[in-house]
Amino acid sequence: MAAPILKGVRELMRLVDLALVPRRHRHKKKWAATEPKFPASQLALQNFDMTYSVQFGDLWPSIRVSLLSEQKYGALVNNFAASDHVSAKLEQLNAKDFVNEAISHWDPEAESDHSVAPSTACSPNLRCFTFARGDVSRFPPARLGSLGVLDYYLMDAASLLPVLALGLHPGDTVLDLCAAPGGKTLALLQTLCCRNLAANDLSTSRTGRLRKVLQSYVPQGIRERNQIRVTSWDGRKWGELEGDTYDRVLVDVPCTTDRHSLHEEENNIFQRSRKKERQMLPMLQLQLLAAGLLATKPGGHVVYSTCSLSHLQNEYVVQGTIELLANQYSIKVQVEDLSHFRKLFMDTFCFFQSCQVGELVLPNLIANFGPMYFCKMRRLT
Ligand SMILES: C[S@@+](CC[C@H](N)C(=O)[O-])C[C@H]1O[C@@H](n2cnc3c(N)ncnc32)[C@H](O)[C@@H]1O
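This is a predicted model, so every value here is computed, not measured.

About the thresholds
Residues numbered from 1 in each chain as written. Predicted model: local features only at pLDDT ≥ 70, side-chain atom pairs only at ≥ 80, totals over all residues. Heavy atoms only, no water. Axes fitted to C-alpha atoms, helices over the stretch in contact; angles between N-to-C directions. Helix = DSSP H or I, 4+ residues; strand = E, 2+ residues; numbered from the N terminus. Left-handed = near helix turned anticlockwise from the far one by under 90°. Contact = heavy atoms within 4.5 Å. Near = heavy atom within 4 Å. Polar contact = N/O pair within 3.5 Å; in protein donor to acceptor, adjacent residues only side chain to side chain. Areas by Shrake-Rupley, 256 points an atom, 1.4 Å probe, with all protein chains shown as cover. Nonpolar A, V, L, I, M, F, W, Y, C, P; charged D, E, K, R; others polar. UniProt positions renumbered as here; feature names shortened; annotations may be inferred. Buried < 20%, exposed > 50% of the residue type's maximum accessible area, 1.4 Å probe, protein only.

Draft legend 1. Expanded view of the packing of helix α2 (residues 40-56) against helix α3 (residues 60-67). Here α2 crosses α3 at 145 degrees, and the two axes come no closer than 9 Å. Crossing angle aside, the handedness with which α2 passes α3 is right-handed. The segment α2 lies against α3, with Leu45, Phe48, Asp49, Tyr52, Ser53 and Phe56 engaging Trp60, Ile63 and Arg64.

In structure tokens:
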């Protein structure tokens, strides 16, 4: 059974290779010295132009200009800062809590599937303020509250959607498999629903950043009470380390980080030296998602997410992993329909309408969040 899967994975890697290497660089070069010295961000743009113009057709020029423009942020209120006036302060700036605004409009009677409703006991605890569509104001830096922790965390508001989609219930045991630098870990804690939270990231320098975020936002007593465990293990091994253990697992994988790749040279995945690593991304993503699903209890939920627009890193990985688990482990996984979720948040974000599985936030000039892909799955057996 493994042979067809390996063949499928190899084909996936070949496609990524073709998709990520600009056409004019596919021929064998004669002299390295004549190689054009393009910055990695420019190579990224060339690659995106080639692949995403095919993937998104007429939508691509608008997504492209948005990706190249200033991104919008959201201010995630720190529930541990114990300062009631933070929300009032953010409202004075004309920002709105998009989470509770959306939940207040949710009509449970109109939904046939209540299992993925975000208006559970936990989601309203997430308060994230954004400026209205077309308003490109910026938030001032966060301030220290009386408990010595910062009052809000600035993040791409679309990054909150995978956490909201995970739909925590009080007392859940939660694994954040690729957690650093910690924006989503912090959001998971802000739900006030984690019985315990395992936050892992392979990179020790990045888990260092994660620890700093936790120290800056969560008072020590609460960190201990929430039983937060920070580790630096290879997430691909989690299925063997702690199989069938967690109620909810977030698998926020390394990806081509499309917006970052267009703006930053440092640590850019499109650097020539990182070509192999880039080509291997879908394989790594598949292995991480498989490990996340194996670490979930039967009946538990997993959300897979990336900040890439690439179908090869998004839907293909989800579909390939579900096939892999069925064939190699006889484990059934069901993709959950998030279309109601999309409707709920469509005043704030611009969603791609044609995902086969999962949802994708498209950058848009009047709502310049994302890209953010997320797909919710339920492990059935
Ligand atoms: C998209 S980032 C995660 C962002 C994070 N969830 C947040 O919201 O701040 C992906 C992370 O995966 C980590 N990573 C890469 N390979 C990994 C592996 N094999 N196991 C666990 N983490 C890995 C990277 O170090 C990187 O920090």
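Following the structure, the description resumes.
Draft legend 2. Structural context of the site of the ligand. Neighbouring residues of the ligand: 21 residues in total, closest Asp201, Arg206, Asp234, Gly235 and Asp252. A distance of 3.2 Å separates an oxygen atom of the ligand from a polar atom in the side chain of Lys184. Here an oxygen atom of the ligand sits 2.5 Å away from a polar atom, N or O, in the side chain of Arg206. Taking 600 Å² as the accessible area of the ligand by itself, protein coverage stands at 88%. Classifying every residue of the shell around the ligand by side-chain character gives 10 nonpolar, 5 polar and 6 charged.

Draft legend 3. Region of interest: the UniProt feature "active site" (unreviewed entry) in the protein chain. Within this numbering scheme, the UniProt entry marks Cys307 as carrying the feature "active site" (unreviewed entry). Turning to its location among the elements, Cys307 is positioned in the loop between β9 (296-306) and α14 (315-329). On the accessibility criterion, Cys307 (27% relative accessible area) is partly exposed. What Cys307 contacts, discounting residues up to four positions off in sequence, is Cys255, Thr257, Asp258, Pro371 and Met372.

Draft legend 4. Local environment of the side chain of Arg342. Locating Arg342 in the fold gives a position in helix α15 (residues 339-344). Among the polar contacts made by the side chain of Arg342, one reaches the side chain of Gln353 at a distance of 3.1 Å. Sequence-distant contacts of Arg342, that is, excluding residues within four places in its chain, are made with Phe351, Gln353 and Glu359.

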